[in-house]
Amino acid sequence: MSREVLKLNTDWFFLADDQPEAKEVSFSNEALERVNLPHTNKILPHHYFNEKDYQFVSWYRRPFYIDQAKQGKRLIVEFDGVMSGTEVYLNGERIGEHKGGYTGFSFDLTDYIKLGQQNILAVRVDSTRRTDIPPEGNVVDYLLFGGIYREVRLVVVEQLSINWSYYQIQQAQTAEGVILPQFELVNSYAETKEVRLEVSLLDQDHKQVGTSEQTLSLPPGSKTATLEEIKVKQPRLWDLVNPYLYTAIAKIYEQNSLLDQVETKIGIRSVEFKSDGKFYLNDHPLKLRGLNRHQMFPYLGNAMPARGQRKDAEILKYELGLNFVRSSHYPADPSFLDRCDEIGLLVFEEIPGWQHIGDQKWQDLAKLNLREMIIRDRNHCSIFLWGVRINESADDDQFYLETNRIARQLDQSRPTGGVRVFRESKFLEDVFTYNDFEYNLTGKVKLPNHRPYMITEYMGHMYPTKSYDSIERLINHALKHAMIQDKQHGIPDMAGASGWCAFDYNTHREFGSGDRVCYHGVCDMFRLPKFAGYFYKSQQSPAITPVVFIARQMVPSFFEDYGDEIVVFSNCEEVALYVGEQHLATVQPNYVDFPSLPHPPFLFKERQWREWNPKDITSMKAVGKIKGKKVVEHIIYPFGQPQRVELTADYQQLIADGSDCTRVVVELKDQNGQTLHLAHHPVSFELLGPARLIGENPFSLEAGRGAVFVQTGREHGRIVLKASVADLPTAEIRLESKPMQEKIVPLRKEE
Ligand code: GAL
């Protein structure tokens, strides 16, 4: 028999209070709230709240029943992420604790479980400001939120099992790929066992393309094993256009009986920063163009289930056209990384922390977080760089020599970086990663002498911009991002740059704009783009998506104008601009001001808005052309009156697991389907069916738009969401929640 993985996300009881008796079997669940994971300990408005509201201790309780048939197995509970201090109890007995909200951990429950009887798993979750746990200790520019905010599962294995597998990519060339399989095996028997470990690598047609096997003698306890390398002839290399994944299956046998089997997706690719300063993917230079991502969402804090995590990766790749993301300032949710592997989006992942280095114990925890991060994530082919410093901290050679050593020991296949904010910082890593906030002020480039070199942040606090700011500001914000990306593209020995940041995020009162939001994103918190988002989108190849976007709204007025140029973001060869039917001009990318960008903005200069009689203006159209042919267009119209409310769900089909959810975007549109960017109208929602609305109700639009989430219950069925704005027809959207198929840990003895 091989391993069994049972979901442990459903049917928890939640107590928003620190009552130590909650660990006891006899404690009553009656007055507690029924919740499912991922769960935030407090649903909050998207801004203007008090962070103290989630900084408390809570308890989660999950009754369960495991029948006698599991006698002789080992039962391991795995947590993907709990904020920040966790103590785990089974049937009143303390099993262990974990410190740190951004890495996973597990406990072996076998010796505490009562088979054939009711058990109660109780988890004390400390979401207060734990100054002993990174990133806390001083101030932090983001909120941590609270709760068991990632998934939990129960893994049932034999007495001898695989603890982790690591497929180190040693070589990735078109002729051959070389993979070194490594494992940690746990033997819980009292005696030494002779076993056979077999690995086979399958392509997407389930064809075996490589194998390796070894006989091992395993004394009691845990032991690492390295198998002979697997050589794959003419492998399909993983890259950003064809992110080909193989499946590695590891099986462990005693005689001929299968003890354990673990499947892992791997990509065969090489990532390297060379002495010429460039980054190479599969030996091809790739200029890294990215943004920083915080994992938090409106209302839900960090507790976004897999679907929304995966969607974020898609937004970064497809809507923002990026080739990489920095997971600032902590390890990401596993499902986010899975999706990055699947779609081809590179990831720079780093340890939790922000500017502050604590005492020795704190540093030991940071080192533990580093180990946990690398062991968990080193099979993700999307990850190309490990961040082994506390973001923007002071130099501390002793500490950082050690973090570099740990990273290199756990993973010889990737370089280390570590994000600093001063140029004189000691270069202990493989890549000098630096936050540069001077670019957009001076436009001058002062580079440190170190190579490889990469800018890990720019912009951010230099030019915060809200989605409902003035058009001038939105344009400037976008052009500053464009200017900095242009500079980095012009420096051949700079590996790349990631801007601050992809999405607006919740932060403490000392940061951001005072309403607990930091408006540094090229998208708002709802992941809806500002103009700067379209700049990034326009930098990807037109072969992937042709883009043309007029960066302004159309306000025909005798008195107002927005300067004398019209900016269009596009990846086409030329853009023709029409006012009404009249052809105004056709221009080429502006290589004068942006000599190095893959796709410079198009500037239609000296075009006064007042040139045209506003009464006659019916539209403005930008036509993007390649080889003289139209490939894409964008039309804007003078704003009309509110005509309809529009609801758009990212997904129509959800799973009735009690946490699955979809974003539903709400926009107020005029008769031409344009979002009315000055609208703050309140929208009232009504939800019918087995789901709940996560969000403010009524919700006041921001820049004419916003979003709520619809989260399933445990019942399946049809869901209807209605949205109304005074004097307009009610909008309606239909969703469906389907029964959950996956096996869960039974709550009680099944009849
Ligand atoms: C950086 C920091 C980020 C964020 C940003 C705001 O210094 O690393 O976390 O605070 O500033 O611009």
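Residues numbered from 1 in each chain as written. Predicted model: local features only at pLDDT ≥ 70, side-chain atom pairs only at ≥ 80, totals over all residues. Heavy atoms only, no water.

### Side note on the site of the ligand
Right, so step 1: Near the ligand lie 13 residues; those nearest to it are Asp141, His329, Trp354, Glu392 and His461.
Right, so step 2: Contacts to the ligand include Asn391, whose side-chain N or O atom sits 2.8 Å from an oxygen atom.
Right, so step 3: A distance of 2.5 Å separates an oxygen atom of the ligand from a polar atom in the side chain of His461.
Right, so step 4: Taking 300 Å² as the accessible area of the ligand by itself, protein coverage stands at 94%.
Right, so step 5: Its residues placed into classes, the shell around the ligand shows four nonpolar, six polar and three charged. (Near = heavy atom within 4 Å. Polar contact = N/O pair within 3.5 Å; in protein donor to acceptor, adjacent residues only side chain to side chain. Areas by Shrake-Rupley, 256 points an atom, 1.4 Å probe, with all protein chains shown as cover. Nonpolar A, V, L, I, M, F, W, Y, C, P; charged D, E, K, R; others polar.)

### Remarks on the sheet that holds strand β38 (residues 602-604)
Right, so step 1: Spatial strand order, β34-β35-β38: three strands in an open sheet with antiparallel pairing. The outermost strands of the open sheet, each flanked by one partner alone, are β34 (548-550) and β38. In this sheet, adjacent strand axes meet at a mean angle of 20 degrees when their direction is disregarded. (Pairing = 2+ DSSP bridges. Helix = DSSP H or I, 4+ residues; strand = E, 2+ residues; numbered from the N terminus. Axes fitted to C-alpha atoms, helices over the stretch in contact; angles between N-to-C directions.)

### Considering the nonpolar core
Right, so step 1: Formed by 62 residues in total, the largest nonpolar core has its most connected members in Leu316, Leu320, Phe336, Phe531, Tyr536 and Phe569.
Right, so step 2: Counting residues per element, this core draws most heavily on helix α6 (residues 471-489), at seven residues.
Right, so step 3: Per-domain counts for this core show at least three residues from each of domain 3 (289-537) and domain 4 (548-636).
Right, so step 4: Leaving out residues up to four positions away in the same chain, Leu316 has contacts with Arg293, Gly321, Leu322, Val325, Phe336, Leu345, Ala502 and Phe503.
Right, so step 5: If you look at the next biggest cluster of nonpolar residues, it comprises 33 residues, including Val645, Leu676, Ala679 and Phe699. (Core = buried A, V, L, I, M, F, W, Y, C linked by side-chain atoms within 4.5 Å. Buried < 20%, exposed > 50% of the residue type's maximum accessible area, 1.4 Å probe, protein only. Domains from an automatic or database assignment. Contact = heavy atoms within 4.5 Å.)

### Examining the domain arrangement of the protein chain
Right, so step 1: Along its sequence, the protein chain is organised into domain 1 (3-157), domain 2 (160-266), domain 3 (289-537), domain 4 (548-636) and domain 5 (644-738).
Right, so step 2: For domain 3 and domain 5, the distance between their C-alpha centres works out to 31 Å.
Right, so step 3: The interface is formed by 19 residues belonging to domain 3 together with 23 residues belonging to domain 5.
Right, so step 4: Here domain 3 and domain 5 share an interface that buries about 1,800 Å² over both sides, 62% of which is from carbon and sulfur atoms. (Buried area = accessible area lost by both parts, 1.4 Å probe.)

### Looking at the pattern of salt bridges
Right, so step 1: Per the counting criterion, the structure on display carries 62 salt bridges.
Right, so step 2: Where Arg516 meets Glu51, a salt bridge forms, and the shortest distance between an N and an O atom there is 2.4 Å. Taken together, the positions of Arg516 in the loop between β32 (505-506) and β33 (517-518) and Glu51 in the loop between β3 (33-35) and β4 (57-65) put the pair 465 residues apart, joining distant regions of the chain.
Right, so step 3: According to the relative accessible area criterion, Arg516 is buried, its value standing at 12%.
Right, so step 4: Given a relative accessible area of 6%, Glu51 falls into the buried group.
Right, so step 5: Here Arg527 ties to Asp312 by a salt bridge, and the two come within 2.9 Å at their closest N and O atoms. Note that Arg527 is positioned in the loop between β33 and α7 (531-537) and Asp312 in helix α1 (residues 306-319), a separation of 215 residues in sequence. Both residues of the pair, Arg527 and Asp312, belong to the buried class.
Right, so step 6: One continuous salt-bridge network, built from bridges that share partners, spans Asp18, Glu87, Arg94, Glu97 and Arg124. (Salt bridge = Lys/Arg side-chain N within 4 Å of Asp/Glu carboxyl O.)

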